[in-house]
Amino acid sequence: MNTASVTLRLLDKADKEILKLPRTVKGALYDFQHKFKANPQATGLQLKQLKGDSRLWSARVNDEYRALLLRLADNDWLIVSVKHRKEVYENLDRLAYGINQITGGIEYVDLQVVEESVLRRTAAPQPAQAPRAEPEPSRSAPLFARFSEQQLTDLGVAEPLVPVIRTLTTEEQLLGLIEYAPQLTGEILLSLFDGKSYDDVLEQVTAPVAAPEPVDPEDFQTAAQRPATMVTTTDEALREALEGEDFGRWKVFLHPTQSKLVERDYSGPARVGGGPGTGKTIVALHRVKHLVEQLPQGRNKQVLLTTYNKNLAADLRARLLELGGEQLLSRVDISHVDQLALRVVREAEPGSTKQTIDDNQVLREWRSMLDELGETAWDAEFLHDEWTQVILGQAVASRTDYFRARRAGRGRNITRPERAEIWQLAEKFTQRLDRVGRQTWAQVAERAARLEMERERRIQTVEQQRAEHGGLDNIHLQDGSAGWLRYRYRHIVVDEAQDLRPGHWKMLRAMVARDRNDLFLVGDTHQRIYNNQVTLGSLGINIRGRSAKLTLSYRTTRQILGSALGVLSGELFDDLDGNEETLAGYRSVLSGARPELHPSADWEAEREAITELISEWDDIPLEQIAICVPTNAMAQEVAVSLAHSGIKATEIGPDGPRGDEGVHIGTMFRFKGLEYQRMIIAGVSDGLVPRNAVIQMQRTDALRYRRELQRARSLLFVAATRSRDSLAIFWHGTPSRFLEPLLAN
């Protein structure tokens, strides 16, 4: 056998099986892959074909364990399992592998292991009970009796598993099968079990991963290249996969839908949506890596990775470093978008000493000014939003322009005289900020947008001149601060896109040439917790026909997910381009307990109940527990209650947790982008969630009320989906109206 250029791959699911093996075996497997790639025929590896099978082989990992491999081609091998040597040669007829006819991916199933897992989860017989007046409905009906075998395989269920699937009668048995089944089979069965129709599963689960071309059931080498075959080949990737899910798995195995989005060649701006925990950020990071790999040699940072929050930007930097090391980082500019805008403004105005203040400080300035003026006709929040979203957002430069400005989505209609009053107040507010040497982040974003749009116009002028002169390079405009004038970036990737302001989008659009793969956006408008609503098309970013959605949650359980979706019931969300966004198909293959609901008489009793529950959670580190509350004052009060019981806690501030030890406590805004093993959401009472000020808007400004109500729902949705394993919801007095779907179950 020719041993040149041997490829050795590891199949997804095999790594999960390997993780359960002793550490010494995992170390031996890492050594094994080096030896195998050097020479599969080396005597010590004992490579041999299994009896009665043309593709399945075994090779020695150590004295006790053997690798089972599929031979895809002469020098192309795929590890599908690692077993104790006594198990390798028994029940060979129970080892099933093949190419899925729907996805075109390679699948491997050990039917004996699957069946044993199902049997382990079969419920023990219950003690006999006295006869009832009405007999209980039968619990032994097969779960999937209403679907034919052909329907199941047409959806993409692994064909060897169909006979076992037909015997399942309980959810526990189903979960036992899914533990060792190919991932797509698990997704399909759980979706059907949760009540989705055949057509919905076909559209939402199967279609996104279906092979675009006819599948040859014998062409294993082509099958190994398809996204549906989740494999890894490099030494480093194999090592990371074997170190565990939290450590390196997300860097190695991408779901087929994620792989397609990462590697696709887009003709212009593209957007990826999806609910919490669906891997949008993972896709963004892998997309950055993919784009960098396509760049010509150089040292400049031609790819920008940006997001709204500076904590998230720091996390993106750490994860990108983990994904590709310093070499990848050297070609990527990572910045939160406000810092990027401030950098642009300071580059143009190097002598400026203005202090930039956040939205809370801005609101205090508005209130102070209105108090000084004795102005009671307008509230500070309304004026702040009008100034930020309409006047700054549309770059309105004069009172006449403001009279003509569109106010779509702004709620109450205002008359021409009222616009004149608002314009006068906005001018006074701007002058007030100038006097005290302050500026807002919204002002910075709009100033940066104007500067970058002017820069883009100059670039386009140069390009037009070059075109008119036959592309001659001696036609140049010089940019005094940055050498020859050019676009700042070749590609821009945006995480948490739903939270950016109009000024941010105008700035980013101008920073990159309008070309293939220019802008790649990931986000979820169901998680929009800031008041930045935009229509990308109106800002020069056309994503029509280049939008996709991720629907499989990797973070939280089906039970928590169902409750979180109930919080959003009845609300309509946009897709950043004027169309409706839904969470249709949003699902999880993880299972756990239903969220716990804890009513209390008052806030003091609620804090006592929270303390008692955390005292019971002594099986996990405190740092894997979080408490989310509506206000900063409530966060401080919870921390005091915990301290009195000897429970360490740390509050989450604007820059993240303020300490390294203890339960994390913070407001709902602080938990964006974080996740925990167990989560408590406290104070979910009417008047707090949503707050009374929002409820009162129903009488004065119906549209603003609906918008703020939606934002409050989104905040609770974000909080509920931070949990991986368990969720407990507390309230005192009257529960929030958002909990009605949960209380009804």
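For the structure, check the block above.
What counts, and at which threshold
Residues numbered from 1 in each chain as written. Predicted model: local features only at pLDDT ≥ 70, side-chain atom pairs only at ≥ 80, totals over all residues. Heavy atoms only, no water. Core = buried A, V, L, I, M, F, W, Y, C linked by side-chain atoms within 4.5 Å. Buried < 20%, exposed > 50% of the residue type's maximum accessible area, 1.4 Å probe, protein only. Helix = DSSP H or I, 4+ residues; strand = E, 2+ residues; numbered from the N terminus. Contact = heavy atoms within 4.5 Å. Pairing = 2+ DSSP bridges. Arc of directions from axis to C-beta. Right-handed = clockwise from strand over helix to strand, strands pointing away. Axes fitted to C-alpha atoms, helices over the stretch in contact; angles between N-to-C directions. Parallel < 35°, antiparallel > 145°, perpendicular 65-115°, else oblique. Left-handed = near helix turned anticlockwise from the far one by under 90°. Nonpolar A, V, L, I, M, F, W, Y, C, P; charged D, E, K, R; others polar. Patch = residues over 30% accessible without salt bridge, like charges linked within 9 Å, V, L, I, M, F, W, Y side chains within 5 Å. Areas by Shrake-Rupley, 256 points an atom, 1.4 Å probe, with all protein chains shown as cover. Salt bridge = Lys/Arg side-chain N within 4 Å of Asp/Glu carboxyl O. Lys, Arg positive; Asp, Glu negative; His and termini not counted. Charge placed at Lys NZ, Arg CZ, Asp CG, Glu CD.

**A short note on the nonpolar core**
Where a protein is soluble and globular, its nonpolar side chains tend to be buried together.
Moving on, step 1. Counting residues in each nonpolar core, the largest one holds 43 residues, and the members touching the most others are Phe32, Phe36 and Leu69.
Moving on, step 2. Counting residues per element, this core draws most heavily on strand β4 (residues 65–73), at six residues.
Moving on, step 3. Non-local contacts of Phe36, meaning those with residues more than four positions away in its chain, are made with Val6, Leu8, Leu45, Leu47, Ala59, Leu69 and Trp77.
Moving on, step 4. Membership of the second largest hydrophobic core comes to 36 residues, among which are Tyr676, Val718, Ala720 and Ile729.

**Some remarks on the sheet that holds strand β26 (residues 656–657)**
Moving on, step 1. Judged by pairing direction, the sheet is mixed, and its seven strands sit side by side in the order β23-β29-β28-β24-β27-β25-β26 without closing on themselves. Bordering the open sheet on either side are β23 (596–600) and β26, each of which pairs with just one other strand.
Moving on, step 2. In this structure, strand β25 (residues 649–653) lies alongside strand β27 (residues 663–667), joined through three bridges in parallel fashion. Paired with Ala649 across the two strands is Val663, which belongs to β27.

**Some details on the sheet that holds strand β3 (residues 56–60)**
Moving on, step 1. The strand order across the open sheet built from six strands is β2-β3-β4-β5-β1-β8, with neighbouring strands paired in mixed fashion. The open sheet has two edge strands, β2 (48–49) and β8 (231–232), and neither has a second partner.
Moving on, step 2. Note: strand β1 (residues 7–11) against strand β5 (residues 76–84), four bridges, orientation parallel. Residue Leu10 lies in a different strand from β5, and its bridge partner there is Ile79.

**Focus on helix α26 (residues 692–700)**
Moving on, step 1. Listing the buried residues of α26 in full gives Val694, Ile695 and Met697. The buried residues of α26 all sit within an arc of 145 degrees when viewed along its axis, so they share a single face. Residues of α26 that are exposed and point over 90 degrees away from its buried face: Arg699 and Thr700.
Moving on, step 2. Those residues of α26 hidden inside the fold are in contact with α18 (380–392) and α27 (702–720).

**A look at the pairing of strand β11 (residues 332–336)**
Moving on, step 1. Counting buried positions along β11 yields five of five residues, so the element is predominantly enclosed.
Moving on, step 2. Every second residue of β11 is oriented toward a common face, with Val332, Ile334 and His336 on one face and Asp333 and Ser335 on the other, all of them buried.
Moving on, step 3. Looking at chain direction, strand β10 (residues 303–307) and β11 are connected through five bridges and run parallel. Residue pairing in the sheet places Leu305 in a bridge with Ile334 of β11.
Moving on, step 4. Between the parallel pair β10 and β11, the chain is carried across by helix α15 (residues 310–329), and the sense of this crossover is right-handed.

**Notes on unusual backbone geometry**
Moving on, step 1. Residue Pro690 is bonded to the preceding Val689 through a cis peptide linkage, with omega at -5 degrees.
Moving on, step 2. With respect to the secondary-structure elements, Pro690 resides in the loop between β28 (676–681) and α26.
Moving on, step 3. One non-glycine residue with positive phi stands out, namely Glu496, at about 55 degrees.
Moving on, step 4. Summarising the element assignment, Glu496 is placed in the loop between β16 (491–494) and α22 (502–511).

**Observations concerning the packing of helix α14 (residues 280–294) against α15**
Moving on, step 1. Direction vectors running N to C along α14 and α15 enclose 20 degrees, while the axes themselves pass 10 Å from each other. In terms of axis orientation, α14 runs roughly parallel to α15. Crossing of α14 against α15: the hand is right-handed. Where α14 abuts α15, its residues Thr281, Ile282, Leu285, His286, Val288, Lys289 and Val292 lie against Leu316, Arg319, Leu320, Leu323 and Leu328.
Moving on, step 2. Taken together, the residues of the contact of α14 with α15 break down into eight nonpolar, two polar and two charged.

**Let's talk about a negative patch on the surface**
Moving on, step 1. Residues Glu596, Glu612, Glu616 and Asp618 make up a contiguous surface patch of negative charge.
Moving on, step 2. You can see Asp618 is positioned in the loop between α24 (603–616) and β24 (625–629).
Moving on, step 3. Residue Asp618 is classed as exposed on the basis of its relative accessible area of 66%.

**What about the environment of Tyr30?**
Moving on, step 1. Here Tyr30 shows up in helix α2 (residues 23–38).
Moving on, step 2. With relative accessibility at 24%, the residue Tyr30 sits in the partly exposed group.

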